[in-house]
Amino acid sequence: MTTDTRTETDPRTQQDPRTRTAAPAPPEGTAQVPAQGGAPARASAASAPLSGGTGGPQALEPLVATVLAALTEGAERRDGPVAPGRPESIAAAVAQALADATGTGTGADSTATGTATGTGSTDTGAVLARLTELLAHGSADPADPACAAHLHCPPLAIAVAADLAVSALNPSQDSWDQAPAATTLETLLLQEMARLVGYDDTRAAGVLTSGGTESNLMGLMLARDRVLGAATGRQVELTGVATGGAAGRPRILASAAAHFSVQRAAALLGLGEDAVLLVPVDHELRMDPQALAAALDGCAARGELPVAVVATAGTTDTGAVDPLRACARLAAAHGAWLHVDAAYGGGALLSDRLAPLLDGLALADSVSLDWHKLGWQPAAAGVFLVRASETYASLARRAVYLNPADDEEAGYPSLLGLSLRTTRRADAFKIAVTLRALGRDGLGRLVDACRELALAGARAVREHPRLALHSEPVLTAFLFRYVPHGTHARGDGTADAARSDDLNARLRRRLLREGRAVVGRTELPGEGPGRVRLKLTLLNPYATADDVDRLLAAVVAAGQAEEESEGTEGAEETGVMR
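Residues numbered from 1 in each chain as written. Predicted model: local features only at pLDDT ≥ 70, side-chain atom pairs only at ≥ 80, totals over all residues. Heavy atoms only, no water.

Asker: I would appreciate a short explanation of empty space enclosed by the protein in the present structure.
Answerer: It is a probe the size of a water molecule, rolled over the atoms, that shows where empty space is left. A full pass over the atoms with the stated rule returns one cavity of 30 Å³ or more. Reported here for the largest cavity is a volume of approximately 60 Å³. Contributing to the lining of the largest cavity are Met193, Leu350, Trp371, Gly375, Gln377, Ile431, Thr434, Leu435 and Leu443. In the lining of the largest cavity, the residues fall into six nonpolar, three polar and no charged. (1 Å grid on protein atoms, 1.4 Å probe; cavity = no way out; pocket = protein on both sides within 12 Å on 5 of 7 lines; lining within 4 Å. Points joined across faces, edges and corners; volume = space filled by probe spheres on them. Nonpolar A, V, L, I, M, F, W, Y, C, P; charged D, E, K, R; others polar.)

Right, here's the structure in full:
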């Protein structure tokens, strides 16, 4: 019999079978950490296994079990939506846990914040368990019905499991040879997303993004390059934004309730935040189309160039949807690009009942969608789409080590020229898995459940004598305020506006400090006092109307406690993290 002398790596140990008794040599370019006595210490596959290959799943299995157990322990110790305590006490607990996890405490091998600079712990499982339990205990848990402040969804378990596969395999979407299957999967998913929006999927293009902020930046970048480029006869992406000139000052028009990332994008694109003109909104925070028409006419009268109109489909505070068809008509009449920020409201496309709210979305030149909001995906799960792929031209890039022309000519596709990023996770995978597992109908039922929850919450607010509703929910969020004693619930409360603002802000912090609830806080557009509102953003489809009633009761109790403590020195007590 011939002895097999092959030197393939043993998948069970990720080590050459002939040299199991010796420490394996590190890969070329791997840093060698000095051991005691000055000799280099090489990390062994046994102590630091990899997650990929045929041995990866076996290495992951006990670690994943450790994580799951620690998540349970942390959630049980938290016993609520958020750990009680003030920021400084929670920060101290985190710093101490990091220091303890190094195995060196606050000694010479740790910094003051507990960052390890020494040899590290020999019990990696214990480190993972301790820090995971810390993270779980110290997190705001959106799966708790009393955690309802932000567009911060509780992710579906199947989406998280799919994301684990991506983390283990670590494909990067900047070249085909780093992500062969994931490249095709993202392309096909984006075609589905284009059809959902109403685009022709044979003409549309897009990419997965980190969220609405990146998507809005991309939409406004393409608008700048397309509209300003046509007006000046220059390739703006190459020559930059020129000052002055016959084209006039570039302008972006967005509602007063639009996301702050619009101004940030204008600054990053060299237009300046002052280039953004805020259009007035109605009581529900929808853009006023007559005000938009007047603003566009004003640009023309002043010789300014309206580069883009940004319409919002689902404002952060009220879920309001701007009049998309009117915005499209006015933008086209003035030669402006229409970008629709549907990061929140895009989830309505999953629901037969709510999809009509987004009538006119297919008229947009570009669209932002976030499936880590009303899509129940772990962040990040943003999508950016354009109606016509040729408008993407200014983002095209050639990097000879990633997407050489001869590779593409040979049939190896590249997504590099579709994104602002180079290294990029395969975030399309978890979305594709979720859509296959639940279908649009299944996800639509979750959207409808959250919508019903918001309607029930709004009714409860209307019926409570110490609460005042701002407006009816459009999607799954609504604004309200606690009404201080002696203030008329339906009046303007002008005389006590400042007190009302202060009281509502303080009661929210009390709820956080006591670990009872995570409630949002915002301010209505405008000037002066009386604009502070509390907010519930209901994204847990398994919460009940009774859960919302209990949450509102906690708000009222916190408001009453704050009123009783008014004038008491140190009313916002210290609090210690349990």
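The rest of the description comes next.
Asker: Explain the sheet that holds strand S13 (residues 532-537) to me, please; I cannot follow it from the model alone.
Answerer: Pairing between the strands of a sheet is mediated by backbone hydrogen bonds and can be parallel or antiparallel. Taking strand neighbours across the sheet as the criterion, the four strands line up as S10-S11-S13-S12 in an open arrangement whose pairing is antiparallel. Here the strands that pair on one side only, and so sit at the sheet edges, are strand S10 (467-469) and strand S12 (520-523). Strand after strand, the sheet turns through a mean of 40° between neighbouring axes, direction not considered. Taken together, the four bridges between S12 and S13 define a ladder with antiparallel strand orientation. (Pairing = 2+ DSSP bridges. Helix = DSSP H or I, 4+ residues; strand = E, 2+ residues; numbered from the N terminus. Axes fitted to C-alpha atoms, helices over the stretch in contact; angles between N-to-C directions.)

Asker: Looking at this model, I keep getting lost on the sheet that holds strand S4 (residues 250-255). Mind explaining?
Answerer: Overall, mixed pairing links the seven strands, which are arranged S3-S9-S8-S7-S6-S4-S5 in an open sheet. Bordering the open sheet on either side are strand S3 (205-209) and strand S5 (276-279), each of which pairs with just one other strand. On average, adjacent strands in this sheet sit at an angle of 20° to one another, irrespective of strand direction. Relative to S5, S4 runs parallel, the two being bridged by four bridges. By the bridge assignment, leucine 253 is partnered in S5 with leucine 277.

Asker: When you look at the packing of helix H13 (residues 497-513) against helix H14 (residues 545-565) in this model, what are you seeing that I'm missing?
Answerer: A pair of packed helices is characterised by two quantities: the angle between their axes and the separation of those axes. Taken N-terminus to C-terminus, the directions of H13 and H14 make an angle of 115°; their axes are 8 Å apart at the nearest point. Of the possible angle classes, the one that applies to H13 and H14 is roughly perpendicular. Regarding H13 and H14, the two cross each other, and that crossing is right-handed. Residues Arg499, Leu503, Arg506, Leu507, Arg510, Leu511 and Arg513 of H13 touch H14, and the partners they reach there are Ala554, Val555, Ala558, Gly559, Ala561, Glu562, Glu563 and Ser565. (Parallel < 35°, antiparallel > 145°, perpendicular 65-115°, else oblique. Left-handed = near helix turned anticlockwise from the far one by under 90°. Contact = heavy atoms within 4.5 Å.)

Asker: I keep staring at the packing of aromatic side chains and nothing clicks. Help me out?
Answerer: Two measures describe an aromatic ring pair: the distance that separates the ring centres and the angle between the ring planes. Inspection of every chain in the model, using the stated rule, returns three aromatic pairs. On the numbers, 5.0 Å between centres and 85° between planes, the contact of tryptophan 176 with tyrosine 412 is edge-to-face. Here tryptophan 176 is found in the loop between helix H4 (157-169) and helix H5 (180-197), whereas its partner tyrosine 412 is found in the loop between helix H11 (405-409) and helix H12 (428-463), with 236 residues between them in sequence. A relative accessible area of 40% means that tyrosine 412 is categorised as partly exposed. (Phe/Tyr/Trp six-rings, centres within 6.5 Å; stacked < 30°, edge-to-face > 60°. Buried < 20%, exposed > 50% of the residue type's maximum accessible area, 1.4 Å probe, protein only.)

Asker: Would you mind showing me how to read the pattern of salt bridges here?
Answerer: Should the charged atoms of two oppositely charged side chains come close, the side chains can pair. Applying the stated criterion across every chain yields a total of 37 salt bridges. A salt bridge links glutamate 563 to arginine 499; the shortest N-O distance between them is 2.9 Å. Here the residue glutamate 563 occupies a position in helix H14, and arginine 499 occupies one in helix H13, the gap between them amounting to 64 residues. When its relative accessible area of 14% is taken as the criterion, glutamate 563 is described as buried. By relative accessible area, arginine 499 is classed as partly exposed at 28%. (Salt bridge = Lys/Arg side-chain N within 4 Å of Asp/Glu carboxyl O.)

Asker: Whenever I open this one, a negative patch on the surface confuses me. Can you help?
Answerer: Taken together, Asp177, Asp406, Asp407 and Glu409 make up a surface patch of like negative charges. Position of aspartate 177 among the secondary structure elements: in the loop between H4 and H5. (Patch = residues over 30% accessible without salt bridge, like charges linked within 9 Å, V, L, I, M, F, W, Y side chains within 5 Å. Areas by Shrake-Rupley, 256 points an atom, 1.4 Å probe, with all protein chains shown as cover. Lys, Arg positive; Asp, Glu negative; His and termini not counted. Charge placed at Lys NZ, Arg CZ, Asp CG, Glu CD.)

Asker: I keep staring at the side chain of serine 419 and nothing clicks. Help me out?
Answerer: Note that serine 419 resides in the loop between H11 and H12. On the basis of relative accessible area, serine 419 is assigned to the buried category, the value being 7%. One polar contact links the side chain of serine 419 to the main-chain amide nitrogen of arginine 421, over a distance of 3.0 Å. (Polar contact = N/O pair within 3.5 Å; in protein donor to acceptor, adjacent residues only side chain to side chain.)

Asker: I'm lost on H13 in this one. Help?
Answerer: Given 3.6 residues to a turn, an α-helix orients residues that are three or four positions apart in the same direction. Taking 1.5 Å as the rise per residue, H13 with 17 residues should run 24 Å; its terminal C-alpha atoms sit 24 Å apart, in good agreement. Buried residues along H13 sit in contact with strand S11 (477-482), S12, S13 and H14. (Expected span 1.5 Å × (residues − 1).)

Asker: What is the right way to look at the nonpolar core in this model?
Answerer: Most often, soluble globular proteins have nonpolar side chains that are buried together. Membership of the largest hydrophobic core comes to 61 residues, with the highest contact counts inside it found for Leu292, Leu338, Val340, Leu369 and Trp376. For valine 340, the contacting residues outside a window of four places in its chain are Ala311, Ala313, Leu324, Leu361, Ala364, Ser366, Val367 and Ser368. Core analysis: the second largest hydrophobic core is formed by 31 residues, Met221, Leu222, Ala275 and Val307 among them. (Core = buried A, V, L, I, M, F, W, Y, C linked by side-chain atoms within 4.5 Å.)

Asker: Got a minute to help me understand unusual backbone geometry in this structure?
Answerer: Outside of glycine, negative phi angles account for most residues, and trans bonds account for most peptide bonds. In this structure, the amide linkage connecting alanine 379 to the following residue, alanine 380, adopts the cis form with an omega of 5°. You can see alanine 380 is positioned in the loop between strand S8 (366-370) and strand S9 (382-386). A positive phi angle is found at asparagine 170, which is not glycine, with a value near 55°. By the secondary structure assignment, asparagine 170 is in the loop between H4 and H5. Its identity as a non-glycine residue notwithstanding, tryptophan 376 has a phi of 60°, on the positive side.

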